[in-house]
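The primary structure of each chain is shown beneath.
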Amino acid sequence: MTIFEEISEAVESGKGKQVKRLIEAAMDDGITPEEVLNQGLIPAMERVSQKYHNEQFFVPEVILSSRAMAVGTTILEEYIKEQAPRESLGTVVIGTVKGDLHNIGKNLVGMMLQGLGLTVYDLGYDVEVDTFIEKAREYQADIICMSAMLTTTMPEMKKVIGKLVNKRLREKYIVMVGGAPVTEAFARNIGADIYTRDAGSAALMAREAVLAKRNREAKVTKTAGAEKEAET
Ligand code: B12
């Protein structure tokens, strides 16, 4: 068995301590956090999902695997943070929407964003509409990231965007949405800026969007400066 298969197996069978030990061993061997994530942890959760779907796993087993997965992501997060660029590229608030307790995918997205140099404030799960907005203002975020895993909680994303529009704050933030039931069409329909299917592409698109936002802001400042100079 490869180390990745061992990690996968340990997550699937809910063995948190073993996950910790194996990941630390992998890191000592020079394996990257991304490799552990993509070849060990994510395939494990895919198998858990499949087993849940096939009724080989029920909620208690899924909870155990999810806890072991959380052990793994917490350890990897530390390694990813260490490697991240020192200077922050921009700021993100991320959370799973109101009524939804799924946080594994959201945690992965947050981790990948940190890895690319974005500062991430994780609001957790079951996050109220107003909390997304208040925290985005408080942390002067560039991006609001929302995750939903239940078809019944997806409409919460639309509520957040609606409230941003009402408060005339929509232009201030890049709104990014995702989660298993979310689609490109849904994202477009509710007026989100970015949708991607997985954590890796989410991070790349977030970085691109922040850089474009910085460019726009720089142009506005330059134009305002030139106009002021012309007046004087
Ligand atoms: C683990 C799990 C649980 C765990 C959650 C533990 C935790 N801490 O998260 C527990 C057991 C608690 C749970 C509970 C429930 N669950 Co559940 N759960 C799952 C399961 C098996 C896996 C989800 C997961 O973690 N996948 C692995 C991660 C890595 O993938 P991901 O979340 O999709 O994230 C990736 C992408 O979606 C994307 N992404 C995610 N978020 C974001 C955000 C942004 C901004 C972007 C860009 C991208 C992005 O990037 C991620 C990484 O690449 C899914 C099955 C499935 N097929 O998804 C069901 C599933 C989501 N659950 C389901 C249900 C019904 C429930 C319950 C109602 C069950 C019950 N009867 O009690 C409760 C609801 C509780 C609640 N109020 O939220 C259904 C949802 C059906 C639906 N269409 O609405 C599913 C699909 C299972 C099924 N087939 O029936 N669940």
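## Things to note about the site of the ligand
Taken together, 32 residues surround the ligand, and among them Leu101, His102, Asn103, Ser147 and Thr151 come closest. Elements with a minimum of two residues in the shell around the ligand: α3 (33-53), α4 (59-83), α5 (104-115), β3 (143-147), β4 (174-178) and α9 (199-231). Here the shell around the ligand is built from residues that sort into 18 nonpolar, eleven polar and three charged. Per-domain counts for the shell around the ligand show at least three residues from each of domain 1 (1-83) and domain 2 (86-232).

## Looking at the coordination of the cobalt atom of the ligand
Of the protein atoms, His102 (NE2) alone serves as a donor to the cobalt atom of the ligand, at 2.3 Å. For His102, the position within the fold is in the loop between β1 (90-96) and α5.

## Focus on the domain arrangement of the chain
When its domains are assigned, the chain resolves into domain 1 (1-83) and domain 2 (86-232). Using only C-alpha atoms to locate each centre, domain 1 and domain 2 end up separated by 27 Å. Between domain 1 and domain 2, the contact holds eleven residues from the first and six residues from the second. Each partner contributes to the roughly 850 Å² buried at the junction of domain 1 and domain 2, and carbon and sulfur atoms together form 77% of this total.

## Considerations on the side chain of Glu156
Tracing the backbone through its elements, the reader meets Glu156 in helix α7 (residues 155-166). Ignoring anything within four residues of it in the chain, the contact list for Glu156 reads Val97, Lys98 and Val129.

Conventions used here
- Residues numbered from 1 in each chain as written.
- Predicted model: local features only at pLDDT ≥ 70, side-chain atom pairs only at ≥ 80, totals over all residues.
- Heavy atoms only, no water.
- Near = heavy atom within 4 Å.
- Helix = DSSP H or I, 4+ residues; strand = E, 2+ residues; numbered from the N terminus.
- Nonpolar A, V, L, I, M, F, W, Y, C, P; charged D, E, K, R; others polar.
- Domains from an automatic or database assignment.
- Donors = N, O, S within 2.8 Å, 3.2 Å for Na, K, Ca; no water.
- Contact = heavy atoms within 4.5 Å.
- Buried area = accessible area lost by both parts, 1.4 Å probe.

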